[in-house]
Amino acid sequence: TAEVMSHVTAHFGKALEECRDESGLSPEILEEFQHFWREDFEVVHRELGCAIICMSNKFSLLQDDSRMHHVNMHDYVKSFPNGHMLSETLVTLIHNCEKQYDSLTDDCDRVVKVAACFKVDAKKEGIAPEVAMIEAVMEKY
Ligand code: BOM
């Protein structure tokens, strides 16, 4: 659900500042991670892909090949309130997006494409959170 997704985003987003330097993601491109879900934010910058890899690695959500670690992602999402209602859908949507971009060999380029695909599909699926929902739970993490 979008409510659960707001918790996952609020928690995951806390890792952004630790990853800014190594990813080269400037505040001009993305100031706060929750803006990822804004209607007018375009998921296109390679640096964002690098940042998502760095952030995911903080929580062991990727395999060595920078593809999603399915079991760890399930467990991560399930650790949030009502997480079991989202984990299956989230893993399926991300994996479906990974399959579409599997031929891209640059990890940062591929992951930003996967993230853009996931944003579109999450909206279609009705699990994309409003930025206000994320801001309401930020203080919990
Ligand atoms: O193949 C690369 C897998 C990358 C998975 C992350 C894609 C989605 C990242 C953008 C949105 C994040 C919102 C919440 C955290 C989900 C883990």
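Residues numbered from 1 in each chain as written. Predicted model: local features only at pLDDT ≥ 70, side-chain atom pairs only at ≥ 80, totals over all residues. Heavy atoms only, no water.

### What about the nonpolar core?
Core analysis: the biggest nonpolar cluster contains 47 residues, and Phe33, Leu48, Met73 and Phe118 have the highest contact counts within it. Mapped by element, the contributors of at least two residues to this core are helix H1 (2–13), helix H2 (16–23), helix H3 (46–58), helix H4 (70–78), helix H5 (87–100), helix H6 (107–125) and helix H7 (131–137). Here this core takes eight residues from H6, the largest share from any one element. Excluding anything up to four places from it in sequence, Phe118 contacts Met5, Trp37, Leu90, Leu93, Ile94 and Cys97. (Core = buried A, V, L, I, M, F, W, Y, C linked by side-chain atoms within 4.5 Å. Buried < 20%, exposed > 50% of the residue type's maximum accessible area, 1.4 Å probe, protein only. Helix = DSSP H or I, 4+ residues; strand = E, 2+ residues; numbered from the N terminus. Contact = heavy atoms within 4.5 Å.)

### Things to note about the packing of H3 against H6
Across the interface, H3 lies against H6 with an axial gap of 7 Å and an inter-helix angle of 90 degrees. In terms of axis orientation, H3 runs roughly perpendicular to H6. Seen from H3, the contacting residues are Arg46, Leu48, Gly49, Cys50, Ile52 and Ile53; seen from H6, they are Asp107, Cys108, Asp109, Val111, Val112 and Ala115. Its residues assigned to classes, the contact of H3 with H6 comprises eight nonpolar, one polar and three charged. (Axes fitted to C-alpha atoms, helices over the stretch in contact; angles between N-to-C directions. Parallel < 35°, antiparallel > 145°, perpendicular 65-115°, else oblique. Nonpolar A, V, L, I, M, F, W, Y, C, P; charged D, E, K, R; others polar.)

### Things to note about the environment of Asn82
Mapped onto the fold, Asn82 is located in the loop between H4 and H5. Given the relative accessible area of 46%, Asn82 is considered partly exposed. It is 6.5 Å that separates the C-alpha atoms of Asn82 and Val4, two residues lying 78 residues apart in sequence.

### Focus: the site of the ligand
What surrounds the ligand is a group of 15 residues, the closest being Met5, Phe36, Ser66, Met73 and Glu98. One nitrogen or oxygen atom from the side chain of Glu98 is found 2.5 Å from an oxygen atom belonging to the ligand. In the complex, the protein chains occlude 100% of the 490 Å² of accessible area that the ligand would expose alone. Going through the elements one at a time, H1 and H6 are the ones with two or more residues in the shell around the ligand. In terms of residue class, the shell around the ligand is made up of 11 nonpolar, two polar and two charged. (Near = heavy atom within 4 Å. Polar contact = N/O pair within 3.5 Å; in protein donor to acceptor, adjacent residues only side chain to side chain. Areas by Shrake-Rupley, 256 points an atom, 1.4 Å probe, with all protein chains shown as cover.)

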